[in-house]
Amino acid sequence: MSSPLAMPDVFHIYDTTLRDGNQQEGMHLSVTDKLRIARLLDELGVNFIEGGWPAMVAGDEDFFKSAATELELRNAKLVAYGRTREPGLTCENDPALAKLVEANTEVVCLVAKAHDVHVYDALRTTLEENLAMVDETVRYLVGLGKRVFVDLEHFFDGYKANPTYAMAVLRKAAEAGAEVVVLCDTNGGMLPHDMGDIVSAATQVGVDLGVHCQNDSGCAVANSMSALDAGVMHVQGTINGYGERSGNVDLTTVIANLQLKYKWQVISPGQLGTLTSISNSIAEIAHQPLNPRQPFVGHSAFAHKAGLHAKAVQINENLYQHVDPRAVGNSTHMVISEMASRASVQVKGEELGLDLSDRKVADQVAELVKQRESKGYSYDLADASFELLVLDYLDQLELPFQVVSWKVVSEDDGSEENSVSEASVKLIANGLREGVISVGNGPVNALGQALIQALSGEYPFVKSYSLTDYKVRILDMEAGTDAVVRVMIVTTDGETTWTTLGVGTDVIEASWEALADAYHYGLMKGYGSNK
């Protein structure tokens, strides 16, 4: 089926990061976290932000109370989530519905059962009672002046098992006054060809339709796009695809596809340019690791490693990129590795402000990289170490300090409180010799503390430096304790981060190389000096 020629007159991007995304294993958003994320979502330009389920989730009541006074939304509407009334209760005496109303949002979203087996086994009621629950709850909330969306849980599985009943629930929600009825692939097992066929059948009811796709089959984005092709005008999902099991559809991918491929202006071009930064900011608030291969917004989404690709991109950046990365706030970058070529080295040099335009010099640097990588170095994610390597090769490296000697000793008597590492560092900075002894929580921390003490006299701003990530990889596992190890260190001054690496048969020696280079690089760049 071909894609729509025009964007629907009314179209919704509905974000459920704060509710469905927060169900992800290991993800726990506080009220403050939710308020911060909601502001970012509003800045991005989504139409609806589902804040949570006030009757079921601890803390969601507090979120809606705080949102009433602390959250000023310019682009989005805040939505409270709930369920249809319980079997045997009236809407007026159902405490969960009372909590939903007390959230005091203009828009509410109800979950309703659309799969007959779930009606029997989960609700433990009859098919007729479930239809009445949908009808009465929607009418009750509409009567209170609410805009009502209805999520039909397990709609697609229910349709495949009993299409007559699934469609009956859909019609009942529409007849009762639901503004949008959302078809949910709750188990995430649908495939795009079935999705399009079922949505096409549902459009015959004549109500505005939405879609909510989980990613258990790996097809959440494809399924959502197929549903859009078939006629839905409302898509639900989460930023970065957060959610339980394999997650929800990733709205960053859906938004970028609609805006750049379908040419639908679902958000403004300026807002689209913030997509990468907002994706990263929400990941930071949620304490979730970034996915470097995430489409459009991942660090590696527009990264080029192969020499052939690098040469082509150097000539025409569109040859190996499906969109302009700047449109989503990302950028092209070259990965320097054992596949380094003259072209990739030249492009990376240009990124870093290094003049490698001389073909002979670029060839020599590429060969140097290959030699270093054969010994265990890997410059894929260590731009700082690569820049130091090139500057040294070009005889342009002016180190801010010279190490005279270093030593670290760890003592452990078996008790945690008496475990200590002591490091001594002697160096020369600006012609002055410094020698310090420092203790720390482990040998690398002790060495880092010693470096800061030794350098802070000449470079006071070095006190802002801290290690944010430390990774050790064994490169030759068959060698056992004699194996070569690679250490990668990420350092920050609170604003900028940079990555350096070290290699050796001694993990402390490799760590020292990465650590010393981190401080060399930071001081050369003046990071932290404006504080």
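Only a predicted model underlies this, so the values are computations on that prediction, with no experimental measurement involved.

Points about the pairing of strand β3 (residues 77–83)
Stage number 1. Burial of β3 is extensive: six of the seven residues sit out of reach of the surface.
Stage number 2. As paired strands, strand β2 (residues 48–52) and β3 are joined by four bridges and run parallel to one another. Each bridged residue has a counterpart across the sheet, and for G52 the counterpart in β3 is A80.
Stage number 3. Chirality of the crossover, the property in question, places the unit of β2, helix α2 (residues 60–70) and β3 among those that are right-handed.
Stage number 4. As defined by bridge partners, β3 adjoins strand β4 (residues 107–113) across five bridges and the pair is classed as parallel. Among the inter-strand pairings, V79 is bridged to a residue of β4, identified as V107.

Examining the sheet that holds strand β8 (residues 234–237)
Stage number 1. Taking strand neighbours around the barrel as the criterion, the eight strands line up as β1-β2-β3-β4-β5-β6-β7-β8 in a closed arrangement whose pairing is parallel. Here the average twist between neighbouring strands, direction ignored, is 25°.
Stage number 2. With five bridges connecting them, strand β6 (residues 180–185) and strand β7 (residues 209–213) associate as parallel partners. When the sheet's bridge partners are listed, C184 is paired in β7 with H212.
Stage number 3. In the packing of helix α5 (residues 127–143) onto the sheet, the strands contacted are β3, β4 and β5 (147–153), and the crossing angle to β4 comes to about 175°.

Section: the state of the cysteines
A covalent bond between the sulfur atoms of two cysteines is what we call a disulfide.
Stage number 1. Applying the stated criterion across every chain, the model contains zero disulfides.
Stage number 2. Not engaged in a disulfide, the cysteine C91 finds its nearest cysteine sulfur in C109; these two sulfurs lie 16 Å apart.

Quick notes on the sheet that holds strand β15 (residues 485–492)
Stage number 1. The strand order across the open sheet formed by three strands is β14-β15-β16, and the pairing between neighbours is antiparallel. Two strands lie at the open edges of the sheet, namely β14 (466–474) and β16 (497–504), each paired on one side alone. Between one strand axis and the next, the sheet turns by 15° as a mean value, whatever way the strands run.
Stage number 2. Across eight bridges, the pairing between β15 and β16 is antiparallel. Considered in β16, the bridge of T492 is made with T497.
Stage number 3. Packing against the sheet, helix α18 (residues 507–525) makes contact with β14, β15 and β16, and its axis sits at approximately 150° to β16.

Looking at unusual backbone geometry
Stage number 1. Positive phi, close to 55°, is recorded for R245, a residue that is not glycine.
Stage number 2. Mapped onto the elements of the fold, R245 is located in the loop between β8 and α10 (251–260).
Stage number 3. On the basis of relative accessible area, R245 is assigned to the partly exposed category, the value being 48%.
Stage number 4. Of note in this structure, K263 is not a glycine but carries a positive phi near 65°.
Stage number 5. Along the chain, K263 falls in the loop between α10 and α11 (269–272).

Comments concerning the environment of L71
Stage number 1. Relative to the helices and strands, L71 is located in the loop between α2 and β3.
Stage number 2. Residue L71 is classed as buried on the basis of its relative accessible area of 10%.
Stage number 3. Through-space distance from the C-alpha of L71 to that of R39 is 7.4 Å; in sequence the pair is 32 residues apart.
Stage number 4. In this structure, L71 is in contact with L35, A38, R39, F63 and S66, ignoring residues within four places of it in sequence.

Structural notes on the nonpolar core
Stage number 1. Counting residues in hydrophobic clusters, the biggest one holds 91 residues, and the most contacted among them are I13, L152, F155, F156, L170, L183 and L258.
Stage number 2. With seven residues, the single largest contributor to this core is helix α7 (residues 163–176).
Stage number 3. Judged by nonpolar contacts, the second largest core, of 33 residues, contains L388, I452, I489 and L515.

Thoughts on the environment of V111
Stage number 1. For V111, the location among the structural elements is in strand β4.
Stage number 2. Taking the C-alpha atoms as reference points, V111 and L170, separated by 59 residues in sequence, lie 12 Å from one another.
Stage number 3. Those residues within four positions of V111 in sequence are excluded, and the remaining contacts are W53, Y81, G82, R83, T84, D151 and E153.

Notes on the side chain of N330
Stage number 1. The residue N330 is located in the loop between α13 (307–315) and β10 (333–334) in this model.
Stage number 2. Within the local environment of N330, its side chain forms a polar contact with the backbone oxygen of F296, the two atoms lying 2.9 Å apart.
Stage number 3. Those residues in contact with N330 that lie beyond four places of it in its chain are T276, F296, V297, G298, A301, F302 and P325.

Quick word on the packing of aromatic side chains
Stage number 1. In this structure the tally under the stated criterion is 17 aromatic pairs.
Stage number 2. When the centroid spacing of 6.2 Å and the interplanar angle of 35° are considered together, the rings of Y14 and F48 count as tilted. Taken together, the residues Y14 in strand β1 (residues 12–15) and F48 in strand β2 connect sequence positions 34 residues apart. F48 matches Y14 in its accessibility class, with the two residues each being buried.
Stage number 3. Aromatic side chains F155 and F156 sit 5.7 Å apart centroid to centroid with 85° between the ring planes, which places their arrangement in the edge-to-face category.
Stage number 4. Take F155: its relative accessible area is 0%, and that puts it in the buried class.

Focus: the domain arrangement of the chain
The figure often quoted for interface size is the accessible area lost as the parts come together.
Stage number 1. By the assigned domains, the chain splits into domain 1 (12–286), domain 2 (303–394) and domain 3 (401–525).
Stage number 2. Residue-level contacts link 14 residues of domain 2 with 15 residues of domain 3.
Stage number 3. For the pairing of domain 2 and domain 3, the buried interface totals around 1,100 Å² over both sides, and the portion due to carbon and sulfur atoms is 62%.
Stage number 4. Considering only the surface of domain 2 that becomes buried against domain 3, Y377, A384 and L388 emerge as the three largest contributors, covering 41% of it.
Stage number 5. Where domain 2 touches domain 3, the interface holds one salt bridge.
Stage number 6. One salt bridge connects E387 with K525, and the closest N-O pair in it is separated by 2.9 Å.
Stage number 7. There are six residue pairs in polar contact (both at pLDDT 80 or more) connecting domain 2 and domain 3.

Digging into a nonpolar patch on the surface
Stage number 1. Together, L467, Y470, V472 and V507 line one region of the surface with nonpolar side chains, adding up to about 290 Å² of accessible area.
Stage number 2. At three residues, the largest contribution of residues to the nonpolar patch is made by β14.
Stage number 3. Within the secondary structure, L467 sits in strand β14.
Stage number 4. By relative accessible area, L467 is classed as partly exposed at 38%.

Some points on the packing of helix α1 (residues 31–44) against α2
Stage number 1. Running from N to C, α1 and α2 point in directions that differ by 50°, and their axes come no closer than 10 Å. Judged by the angle between their axes, α1 and α2 are oblique. Relative to α2, α1 is oriented so that their crossing is right-handed. On α2, the residues that touch V31, K34, L35 and R39 of α1 are D60, D62, F63, S66, A67 and E70.

How each quantity is defined
- Residues numbered from 1 in each chain as written.
- Predicted model: local features only at pLDDT ≥ 70, side-chain atom pairs only at ≥ 80, totals over all residues.
- Heavy atoms only, no water.
- Buried < 20%, exposed > 50% of the residue type's maximum accessible area, 1.4 Å probe, protein only.
- Helix = DSSP H or I, 4+ residues; strand = E, 2+ residues; numbered from the N terminus.
- Pairing = 2+ DSSP bridges.
- Right-handed = clockwise from strand over helix to strand, strands pointing away.
- Axes fitted to C-alpha atoms, helices over the stretch in contact; angles between N-to-C directions.
- Contact = heavy atoms within 4.5 Å.
- Disulfide = S-S within 2.5 Å.
- Core = buried A, V, L, I, M, F, W, Y, C linked by side-chain atoms within 4.5 Å.
- Polar contact = N/O pair within 3.5 Å; in protein donor to acceptor, adjacent residues only side chain to side chain.
- Phe/Tyr/Trp six-rings, centres within 6.5 Å; stacked < 30°, edge-to-face > 60°.
- Domains from an automatic or database assignment.
- Buried area = accessible area lost by both parts, 1.4 Å probe.
- Salt bridge = Lys/Arg side-chain N within 4 Å of Asp/Glu carboxyl O.
- Patch = residues over 30% accessible without salt bridge, like charges linked within 9 Å, V, L, I, M, F, W, Y side chains within 5 Å.
- Areas by Shrake-Rupley, 256 points an atom, 1.4 Å probe, with all protein chains shown as cover.
- Parallel < 35°, antiparallel > 145°, perpendicular 65-115°, else oblique.
- Left-handed = near helix turned anticlockwise from the far one by under 90°.

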